[in-house]
Amino acid sequence: MAYLWGGMILVGIVYGALTGNLKEVTEAVIASSGEAVSLCISMAGVTAMWTGIMKIAENTGLVAGLAGKFRFLLRFLFPRMDPDSRAGKFICLNFLSNCLGLSWASTSSGLIAIRELAKLEEERRRTGAPALKKGIASNEMCTFLIINVSSLQLIPVNMIAYRTQYGSVNPAAIVGPAILATAVSTGAALIFCKIADRRGRLP
């Protein structure tokens, strides 16, 4: 990606110089840089607010309670994992963040969930239970990552913030299409995970 973006920028600068539009290129760079900083500040505020809310939810026990409510779903998605485990709690927190469209805020909980899933696999190896070799992603890890990427979004907060930043007349108009598109992608992800798991294609 670094080579791709670097090449595109270089081609743009060279083309602007050869066509006598180097001034316009410079002005575009300056304007885009200012716009990028402004957008980052706006998104930082939104992300900070929701990350704080998620942290409060964790400290007040709401995350643990959520894991209990989602016990059936966790057992269906991760049959080898205890839904009351630390991994289960952070998977629930990650799913909740993604449902709210807070992909940035869900990063930390996703990383912790993967780390906890790796610990569970290590514990299986230590106790002699059926487990994969070290360095190979488990079924739970693969399922979690695939669902995380498909990312069902009920309230696409990030997209609404983007549309507001760029002056959309109706920033929330994206909600309906976002729910439909992400519901289809998540449904396809679940079907794939279950079929691949039964056929033994997931590691």
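Per chain, residues are indexed from 1 in the order of the written sequence. For this predicted model, a pLDDT threshold of at least 70 governs which residues receive local features, and a threshold of 80 or more governs which side-chain atom pairs are given and counted, while totals over whole chains, interfaces and linings are taken from all residues. Water and hydrogen atoms were dropped before computing side-chain values, which therefore reflect all heavy atoms in the structure.

Undergrad: Teacher, can you tell me more about the overall build of the protein here?
TA: In this description a helix means any DSSP run of H or I spanning at least four residues, a strand means any run of E spanning at least two, and both kinds are numbered starting from the N terminus. Per the secondary structure count, the protein includes 9 helices and 0 strands. Along the protein, helices (α) and strands (β) appear in the sequence α-α-α-α-α-α-α-α-α when read from the amino end. Every residue pair with non-hydrogen atoms within 4.5 Å of one another is taken to be in contact. Partitioning the intrachain contacts of the protein with sequence separation of at least 6 by distance along the chain shows that 64% fall at a separation of at least 24.

Undergrad: Where do I start with a nonpolar patch on the surface in this structure?
TA: Exposure above 30% relative accessible area and the lack of any salt bridge qualify a residue for a patch; like charges then connect within 9 Å, and the nonpolar side chains Val, Leu, Ile, Met, Phe, Trp and Tyr within 5 Å. Every accessible area reported is derived by Shrake-Rupley at a probe size of 1.4 Å, with residue values counting cover from the shown protein chains alone. Salt bridge, as used here, is a side-chain nitrogen of Lys or Arg placed within 4 Å of a carboxyl oxygen of Asp or Glu. A contiguous nonpolar patch, built from Leu 4, Trp 5 and Met 8 and spanning about 340 Å² of accessible area, is present on the exposed surface. Tracing the backbone shows Trp 5 in helix H1 (residues 2–18).

Undergrad: How should the pattern of salt bridges be read in this particular structure?
TA: Side chains that differ in charge, positive against negative, can pair when their charged atoms come close. One pass over the structure, following the stated rule, counts 2 salt bridges. The closest approach of N and O atoms between Glu 116 and Arg 86, which form a salt bridge, is 3.2 Å. Of this pair, Glu 116 sits in helix H6 (residues 106–127) while Arg 86 sits in helix H5 (residues 86–99); the two residues are 30 residues apart in sequence, bridging distant segments of the chain. A relative accessible area of 9% places Glu 116 in the buried class. Where Lys 119 meets Glu 116, a salt bridge forms, and the shortest distance between an N and an O atom there is 3.5 Å. In this scheme, a residue with accessible area under 20% of its type's maximum is buried, one over 50% is exposed, and one in between is partly exposed, where area comes from a 1.4 Å probe on protein chains only.

Undergrad: Whenever I open this one, the confidence of the model for the protein confuses me. Can you help?
TA: It should be kept in mind that the predicted coordinates are not to be read in detail where pLDDT is low. When the pLDDT values of the protein are averaged, the result is 78; 86% of them are 70 or greater. pLDDT gives the predictor's per-residue confidence on a scale running from 0 to 100. Per-residue pLDDT, averaged within each element of the protein, yields its smallest value for helix H3 (residues 62–69) (70) and its largest for helix H7 (residues 139–150) (84).

Undergrad: Could you clarify how one ought to interpret the nonpolar core in this entry?
TA: General note: in soluble globular proteins, nonpolar side chains tend to be found buried as a group. In this description, a nonpolar core means a group of buried Ala, Val, Leu, Ile, Met, Phe, Trp, Tyr and Cys residues linked to one another through side-chain atoms lying within 4.5 Å. Counting residues in hydrophobic clusters, the biggest one holds 15 residues, and the most contacted among them are Leu 74, Phe 78, Met 81, Ile 91, Phe 95, Leu 117 and Phe 144. Counting only elements with at least two residues in this core, the list comes to helix H4 (71–77), H5, H6 and H7. If you tally residues by element for this core, the top one is H5, at 6 residues.

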